[in-house]
Amino acid sequence: MAFADQPKQEILLPVRGSLILLSLTLALVLNLLPLRGAALVFWPDFIALAILYWCISQPQRVGISIAFVMGLLMDVGHASTFGQHGLAYSIMAFAALALHRRLSIFGELKQAPQIGLILLLGQTVILLTGLLDGSHFPGWNFFLASVTGTLLWPLFSSLLKLPQRPRSDSDAR
Amino acid sequence: MAPRFFRHGPSLLSRLVFFVMLSFVLMAVDSRFKYLIEIRQAFSAVVYPLQRLANVPMALYDGVSEFFDSRNLTDENTYLKQQHLLDQGLLQRLHALEAENAQLRTLLDAAQRAEGKAVMAEILHVPRDPFNRKVMLDKGSQSGIQAGQVVVDNAGVVGQITRNFPWASEVTLITDKDHSVPVQVVRNGLRSIVSGSGEDGTLELRYLAANTDIQEGDKLVTSGIDGIYPPGLPVAIVSKIERNSTYVFARVTCTPVAAVAHNRQLLILAPLPPAAEIPAEAFETPPENKKREKIGLR
């Protein structure tokens, strides 16, 4: 059968709005960590990961508008041109929303490469807007953040799934 | 009314188009007209506490490592004591020179150079953005910081405050691609403008003729003719000169004196008093008059 290797579908609890808010806030804090040197090059964009996760699992609650607002916050935090990250996150959210039915068939490991492509798309948008603004090309290691983001995706999405697992009832036996 | 499940709103593509257009408008307005400072301030009220929170682990680590690093502390203490003695000697000479200078200036009837008060600030956040060379400082308009103030470290000029928020301010480093500092070569007094290259640790002197008298190792200090940078602050050292006879201009690369990207504490200098020599009309000409003049010229 074609869907024989499909992962076992889990039944998850309904997501509370506070969890979405908390995860986006934490992602923003992680993006704002004062890093230096090599860590800075490899540090993935956690907001992008969080937005992608929620757009795929909760497409009717998290959409392009939330992605756009997170992008503006990121622009203020990073002192970049206002709207640069807003544009990139909106396009990434659009890609995730358009593909969410297909993506939710796969398990976390098989989602990772596809998520990587969306992350690359977002970084390309940021790169193009930066180049339009008159910057130099920052070097190919600019895209390393997408690679680490891809590698981190399985861990990241299973972490976000943890609070949604139904608690096993001890009386159920 | 339809239940929530059946309500959809505008289609996905139209939402995307709306937000893409909105971002383009914002980017154009922000990079060309600089109108969005109030909106940025509103957003910074949300981001600032998070930036503070993100700084906590680093500050904790620094505190703990300082606590265990007491041997280093005694070394540092003796070094600082020696340095203090040296500085004291220099300072006494400076006092004498300052008094002499003031006397000479009154003799010359020249304007007294105002001594500025400086504010110490700590770097709150170094953005990851590879397209800009900027840092955020933890002092803002609540501490009396204004846009345009000059930021230095112990060695030289680091940058200039370009945006101020209530509790934070944004410094554009001298290495930023959009930043320039009017400078003077110490050796021969040649005036020029040093511009950032957008890369860490390199500055450029643009549009210097190939036969200009400039050498590797020349020190560049602020010339002070802009009325923003106080004169005499070290900025950079000329590190490489390429003279190619096919080009009119020499390619002059400089290295900033200040450790532009490696500081934690920086000093924000007080703004200079407005220069008296600039005539008031220069700023107050209404645009209509200008138009009329242009038409008249035709």
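Residues numbered from 1 in each chain as written. Chains lettered and ligands numbered in written order. Predicted model: local features only at pLDDT ≥ 70, side-chain atom pairs only at ≥ 80, totals over all residues.

**Focus: the overall build of chain B**
Within chain B one finds five helices and twelve strands. Buried positions account for 28% of the 298 residues belonging to chain B. Summarising the internal contacts of chain B: among those between residues at least 6 apart in sequence, 57% fall at separations of at least 24. (Helix = DSSP H or I, 4+ residues; strand = E, 2+ residues; numbered from the N terminus. Buried ≥ 20, exposed ≤ 12 C-beta atoms within 10 Å, placed from the backbone. Contact = placed C-beta atoms within 7 Å.)

**A word on helix H3 (residues 46-57) of chain A**
All names here are of chain A. For H3, which comprises twelve residues, the first-to-last C-alpha distance of 16 Å matches the rise-based estimate of 16 Å (1.5 Å per residue) to within 8%. Counting buried positions along H3 yields twelve of twelve residues, so the element is predominantly enclosed. Buried residues belonging to H3 abut helix H1 (17-31), helix H4 (64-78), helix H5 (84-98), helix H6 (100-103), helix H7 (108-132) and helix H8 (144-161). (Expected span 1.5 Å × (residues − 1).)

**So, the interface of chain A and chain B**
Much of the literature gives interface size as the accessible area that the parts lose upon coming together. With 36 residues of chain A at the interface, the matching set in chain B holds 36 residues. Contributions of two or more residues to the side of chain A that touches chain B are made by H1, H4, H5 and H7 of chain A.

**Concerning the sheet that holds strand E2 (residues 134-137) of chain B**
Residues and elements named next belong to chain B. Pairing is antiparallel in the closed barrel, where six strands are placed in the order E1-E2-E5-E4-E3-E12. For this sheet, the mean inter-axis angle between neighbouring strands, taken without regard to orientation, is 45°. Here strand E1 (residues 118-125) pairs with E2 via two bridges, running antiparallel. What sits directly across from His 125, in E2, is Met 136. Where helix H2 (residues 37-68) meets the sheet, it contacts E1, E2 and strand E4 (157-164), and its direction lies at approximately 75° from that of E1. (Pairing = 2+ DSSP bridges. Axes fitted to C-alpha atoms, helices over the stretch in contact; angles between N-to-C directions.)

**Focus: the packing of H3(A) against H8(A)**
Think of two packed helices as two axes; the pair is described by the angle between the axes and how far apart they sit. All names here are of chain A. The N-to-C vectors of H3 and H8 enclose an angle of 55°; their axes lie 10 Å apart at closest approach. In terms of axis orientation, H3 runs oblique to H8. The way H3 lies across H8 gives a crossing that is right-handed. Together, Ala 48, Leu 49 and Tyr 53 of H3 and Gly 149, Leu 152, Trp 153, Phe 156, Ser 157 and Leu 160 of H8 make up the contact between the two elements. (Parallel < 35°, antiparallel > 145°, perpendicular 65-115°, else oblique. Left-handed = near helix turned anticlockwise from the far one by under 90°.)

**Observations concerning the confidence of the model for chain B**
Residue and element names in this part refer to chain B. When pLDDT is averaged across chain B, the result is 81; 86% of the residues are at 70 or more. In this model residues 289-298 is a low-confidence stretch, pLDDT under 50, and it forms one contact with partners more than four residues away in sequence or in other chains. As scored by the predictor, the complex reaches a pTM of 0.76 and an ipTM of 0.84. (pLDDT = per-residue confidence, 0-100.)

**Some details on the domain arrangement of chain B**
Residue and element names in this part refer to chain B. Here chain B is partitioned into domain 1 (17-67) and domain 2 (116-273). Computed over C-alpha atoms, the centres of domain 1 and domain 2 are 23 Å apart. At the junction of the two partners, domain 1 supplies seven residues and domain 2 supplies eight residues. Within the side of domain 1 that touches domain 2, the residues separate by chemical class into two nonpolar, four polar and one charged. (Domains from an automatic or database assignment. Nonpolar A, V, L, I, M, F, W, Y, C, P; charged D, E, K, R; others polar.)

**Some details on the packing of H1(A) against H3(A)**
All names here are of chain A. Where H1 contacts H3, the axes come no closer than 8 Å and their chain directions differ by 160°. Accordingly, the angle class assigned to the pair H1 and H3 is roughly antiparallel. Across the interface between the two elements, Ile 20, Ser 23, Leu 24, Ala 27, Leu 28, Leu 30 and Asn 31 of H1 pack against Phe 46, Ile 47, Leu 49, Ala 50 and Trp 54 of H3. Class assignment of the residues belonging to the contact of H1 with H3 gives a composition of ten nonpolar, two polar and no charged.

**Quick word on the pairing of strand E12 (residues 265-269) of chain B**
Residues and elements named next belong to chain B. The side-chain alternation of E12 yields one buried face, formed by Leu 266 and Ile 268, and one unburied face, formed by Gln 265, Leu 267 and Leu 269. Relative to E12, E1 runs antiparallel, the two being bridged by five bridges. Residue Ala 121 lies in a different strand from E12, and its bridge partner there is Leu 266. Two elements, strand E3 (residues 150-152) and E12, share two bridges in a ladder whose sense is antiparallel. Bridge pairing in E12 places Val 152 opposite Leu 267.

**Notes on unusual backbone geometry**
Positive phi is not limited to glycine here, since Ala79(A) has a value of about 55°. Summarising the element assignment, Ala79(A) is placed in the loop between H4 and H5. Under the C-beta neighbour-count criterion, Ala79(A) is labelled buried, with 24 such atoms within 10 Å. Backbone geometry places Tyr207(B), a non-glycine residue, at a positive phi of 60°. Looking at Tyr207(B), the number of C-beta atoms within 10 Å reads 13, which means it is partly exposed.

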